[in-house]
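Analysis of the macromolecular model
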Amino acid sequence: MNKKPFWRRVNRGLVVSIVLLCILFIYVVTTQVMLMLEKREITGLVNDVRELMESTTVLSDKQVESLKSESSLLAEQNRIKGELSKIFVKDSKYFENAVSNFTDNIKQQTEGIQRVTQRDDGRKVDDSISIVQDKAHAYYQYLYNINGEYSEVTSEKIIKVEDAEQMLYLDISFKKVNGEWKIYSIVNASWSSIDQRIRRDG
């Protein structure tokens, strides 16, 4: 008795369905891997901004005095521009606004408004990344324990703060240029106040 050929013995619809499912599975896995790699690249850019925010807010007494000089402040501003230009979309109209985020950190210290003298490594408390084609958006929050001082508005007295909590808020837009993610706009890069209202002991 002759056996039927293999293709006549199987359900061709079932085979086609299995093949399509395999293709779909490969597509989903590949897409997720690519998305993970893109999110990792964006996270790296967020960390660059975070490190620059940290470096401009814990200055030594010598640095604070030096940066009161207009020429020293301009030199530091140029350094910041150089660092940002590496990770920013070229000719972004939001570039100068981004530079201001960091120079404002310095001015708060040189003008005696608020100063952090010691900060721990901090920890991430919230994060989200959304990607749509060649555009992306990231929102991160970090919590730090700090020592510092600030000028009280009413009395203008310098108030010392120890073991306080401070939040860093980062809200950043990105654009993919020539296959590489770059920052398009720093929507927000700011620190919470270090005044007595946010001390952990109340």
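In this report, we go over the structure that sits alongside the text. Here the structure is a predicted model, which is why all the values come from computation and not from measurement.

Further remarks concern the nonpolar core. What tends to happen in soluble globular proteins is that the nonpolar side chains get buried as a cluster. Val46, Val49, Leu84, Leu170, Phe174 and Ile183 are the most contacted members of the largest nonpolar core, which has 40 residues in total. Those elements giving two or more residues to this core turn out to be helix H2 (12-55), helix H4 (70-85), helix H5 (95-110), strand S3 (135-151), strand S4 (158-177) and strand S5 (180-191). Setting aside residues no more than four positions away along its own chain, valine 46 makes contact with Ala138, Tyr140, Tyr142, Leu170, Ile172 and Phe174.

For glutamate 149, the location among the structural elements is in strand S3. Judged by relative accessible area, glutamate 149 falls into the buried class, the value being 17%. Reaching out from glutamate 149, the side chain makes a polar contact with the side chain of lysine 160 at a distance of 2.7 Å. When neighbours within four sequence positions are excluded, glutamate 149 is seen to be in contact with Gln114, Arg115, Ile158, Ile159, Lys160, Val161 and Ile194.

Let's shift gears to the side chain of glutamine 114. Position of glutamine 114 relative to the elements: it lies in strand S1 (residues 114-119). When its relative accessible area of 14% is taken as the criterion, glutamine 114 is described as buried. Polar side-chain contacts of glutamine 114 include one of 3.2 Å to the backbone nitrogen of isoleucine 194. Excluding residues within four positions of it along the chain, glutamine 114 makes contact with Gln108, Gln109, Glu149, Tyr150, Gln166, Ser192, Ser193 and Ile194.

How two aromatic rings sit relative to each other is given by the distance of their centres and the angle of their planes. Within the structure shown, the criterion is met by 4 aromatic pairs. Across the ring face of tyrosine 142, the terminal group of arginine 50 is positioned such that the distance to the ring centre comes to 4.0 Å. Above the ring of tyrosine 144, the side-chain terminus of arginine 119 is found at 5.3 Å from the ring centroid.

Turning our eyes to something else, we now look at the pattern of salt bridges. For the coordinates displayed, the defined rule picks out 11 salt bridges. In this structure, the salt-bridge partner of lysine 135 is aspartate 134, at a minimum N-O distance of 3.7 Å. Judged by its relative accessible area of 30%, aspartate 134 falls in the partly exposed class. Note that glutamate 149 and lysine 160 form a salt bridge whose closest N and O atoms lie 2.7 Å from each other. Of the two residues, glutamate 149 sits in strand S3 while lysine 160 sits in strand S4, which places them 11 residues apart along the sequence.

The next point concerns the pairing of S5. Note that S4 and S5 share 10 bridges and pair antiparallel. For leucine 170, the partnering residue across the bridge sits in S5 and is alanine 189. Counted along the chain from S4 to the antiparallel partner S5, the turn is 2 residues long, and its residue asparagine 178 has a positive phi close to 50°.

In this model, the largest pocket occupies a volume close to 170 Å³. Residue lining of the largest pocket: 13 residues in total, with Thr57, Asn105, Gln108, Gln114 and Trp191 positioned closest to the centre. Broken down by secondary-structure element, the contributors of at least two residues to the lining of the largest pocket are H5, S1 and S5. With 5 residues, H5 is the largest single contributor of residues to the lining of the largest pocket. Broken down by class, the residue content of the lining of the largest pocket amounts to 2 nonpolar, 8 polar and 3 charged.

Nonpolar side chains collect at one region of the surface, where Val19, Leu20 and Ile23 lie side by side and expose about 280 Å² of accessible area between them. Examined against the element boundaries, isoleucine 23 turns out to sit in helix H2.

Below, the discussion takes up H4. With 16 residues, H4 extends 22 Å between its outermost C-alpha atoms, agreeing within 8% with the 22 Å of an ideal straight helix rising 1.5 Å per residue. Taken together, the buried positions of H4 are occupied by Glu76, Ile80 and Leu84. Taken down its axis, H4 places every buried residue within 80° of arc, on the same side.

Reading guide: rules and limits
Residues numbered from 1 in each chain as written. Predicted model: local features only at pLDDT ≥ 70, side-chain atom pairs only at ≥ 80, totals over all residues. Heavy atoms only, no water. Core = buried A, V, L, I, M, F, W, Y, C linked by side-chain atoms within 4.5 Å. Buried < 20%, exposed > 50% of the residue type's maximum accessible area, 1.4 Å probe, protein only. Helix = DSSP H or I, 4+ residues; strand = E, 2+ residues; numbered from the N terminus. Contact = heavy atoms within 4.5 Å. Polar contact = N/O pair within 3.5 Å; in protein donor to acceptor, adjacent residues only side chain to side chain. Phe/Tyr/Trp six-rings, centres within 6.5 Å; stacked < 30°, edge-to-face > 60°. Lys NZ or Arg CZ within 6 Å of the ring centre and 35° of its normal. Salt bridge = Lys/Arg side-chain N within 4 Å of Asp/Glu carboxyl O. Pairing = 2+ DSSP bridges. 1 Å grid on protein atoms, 1.4 Å probe; cavity = no way out; pocket = protein on both sides within 12 Å on 5 of 7 lines; lining within 4 Å. Points joined across faces, edges and corners; volume = space filled by probe spheres on them. Nonpolar A, V, L, I, M, F, W, Y, C, P; charged D, E, K, R; others polar. Patch = residues over 30% accessible without salt bridge, like charges linked within 9 Å, V, L, I, M, F, W, Y side chains within 5 Å. Areas by Shrake-Rupley, 256 points an atom, 1.4 Å probe, with all protein chains shown as cover. Expected span 1.5 Å × (residues − 1). Arc of directions from axis to C-beta.

Purely geometric numbers; function is a separate question.
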